[in-house]
Amino acid sequence: MALLSDTSCKQIFTFPEMAKELLCAAVEQRWARAVPLKAFERVNASYVSATGTQRHDDLVWRLERVRNDDLYLLVEFQSRPDLLMAERMHAYTALLSEELAKQGKVQAAQILPIVLYTGQRPWHVKTIVSTVSLLPPGLESFESQFSYLLIDVESIVDQSNIVYLLLALNQVKHPEKFRSLLEKIEPMARTSI
């Protein structure tokens, strides 16, 4: 069965309703469900670094938060494991922070980096970059750590979230399972329109 392409995923997640569902899938907290749709704004996901290097994230959403700083969802769609994913996400997060600072929007952006994995092979790639083991003794106070949130469609547990259900449609191998997923999605689609 064909995997969802980056383009297909980008099309699915261009709607604020889907961005909110992705947030709720990633952050199972009451505040995530309470964020109104009007708080979601899609922002530019292409950057040019100070050295002239161009980078393009798959998708970035800004969540306007009333009492706190805005939260940015940096989303990368991945159909196969990438051994350097943590380093890539670290670079994308830094570039987004730099871009937001250049625009004068924020000094220290709150960014939630998310990798949405739609592949069929197990994801056995690190989700954390750490310099702890690389530093010589005496430099421990300069250690840094970065991690991203992995949402692996193959390990779907919450069958009540429309994000999981839509992406799971692409993963099914049996017509019965396909029909079962469609039956779950149909009422959800009616209530969110």
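All of these numbers come straight from a predicted model, not from anything done at the bench. (Residues numbered from 1 in each chain as written. Predicted model: local features only at pLDDT ≥ 70, side-chain atom pairs only at ≥ 80, totals over all residues. Heavy atoms only, no water.)

Draft legend 1. Broad picture of the overall build of the protein. Counting its secondary structure elements, the protein contains six helices and nine strands. In the protein, which comprises 193 residues, the share counted as buried stands at 41%. The contacts in the protein between residues at least 6 apart in sequence include a share of 57% that link residues at least 24 apart. (Helix = DSSP H or I, 4+ residues; strand = E, 2+ residues; numbered from the N terminus. Buried < 20%, exposed > 50% of the residue type's maximum accessible area, 1.4 Å probe, protein only. Contact = heavy atoms within 4.5 Å.)

Draft legend 2. Here's a closer look at the pairing of strand β5 (residues 71-78). Summarising burial for β5: eight of the eight residues are buried, a large majority. A two-sided burial pattern is seen for β5, the buried positions comprising L71, L73, V75 and F77 on one face and Y72, L74, E76 and Q78 on the other. One ladder, built from five bridges, connects strand β4 (residues 59-63) with β5; its direction is antiparallel. The partner of L59 across the bridge, within β5, is V75. Bridging between β5 and strand β6 (residues 110-117) involves eight bridges; their strand directions are parallel. From the neighbouring strand, Y72 faces β6, where its bridge partner is I111. (Pairing = 2+ DSSP bridges.)

Draft legend 3. Fine view of the sheet that holds strand β9 (residues 149-152). Ordered by their spatial adjacency, five strands build an open sheet running β1-β4-β5-β6-β9, and the pairing between neighbours is mixed. At either margin of the open sheet sits one strand with a lone partner, and together these are β1 (40-43) and β9. The mean angle between the axes of side-by-side strands here comes to 25°, regardless of whether they run parallel or antiparallel. Strand direction decides the pairing type here: β6 and β9, joined by four bridges, are parallel. Bridging across to β9, L116 finds its partner in I151. (Axes fitted to C-alpha atoms, helices over the stretch in contact; angles between N-to-C directions.)

Draft legend 4. Quick peek at the packing of aromatic side chains. Within this structure, the stated rule accounts for three aromatic pairs. An angle of 25° between the planes, with centres 5.6 Å apart, marks the rings of F13 and F77 as stacked. Taken together, the positions of F13 in the loop between α1 (6-12) and α2 (16-26) and F77 in strand β5 put the pair 64 residues apart, joining distant regions of the chain. Each member of the pair, F13 as well as F77, is classed as buried. Judged by centre distance (6.3 Å) and plane angle (75°), the rings of F40 and W61 are edge-to-face. Of the two residues, F40 is situated in strand β1 and W61 in strand β4; the sequence distance between them amounts to 21 residues. The residues F40 and W61 share a single accessibility class, namely buried. (Phe/Tyr/Trp six-rings, centres within 6.5 Å; stacked < 30°, edge-to-face > 60°.)

Draft legend 5. Inspection of the pattern of salt bridges at higher detail. Within this structure, the stated rule accounts for eight salt bridges. Taking the shortest distance from any N to any O, the salt bridge between E21 and R33 comes out at 3.1 Å. A residue pair is termed long-range when its members are at least 10 positions apart, and E21 in helix α2 and R33 in helix α3 (residues 30-34) qualify at twelve residues. By relative accessible area, R33 is classed as partly exposed at 44%. Across the pair D70 and R62 runs a salt bridge whose closest N-O atoms are separated by 2.6 Å. Taken together, the salt bridges that share partners define one network made up of E41, R62 and D70. (Salt bridge = Lys/Arg side-chain N within 4 Å of Asp/Glu carboxyl O.)

Draft legend 6. Main features of the confidence of the model for the protein. Per-residue confidence for the protein gives a mean pLDDT of 81, with 85% of residues at or over 70. Considering each helix and strand of the protein separately, the mean pLDDT is smallest for helix α5 (residues 162-169), with a value of 73, and largest for β5, with 93. (pLDDT = per-residue confidence, 0-100.)

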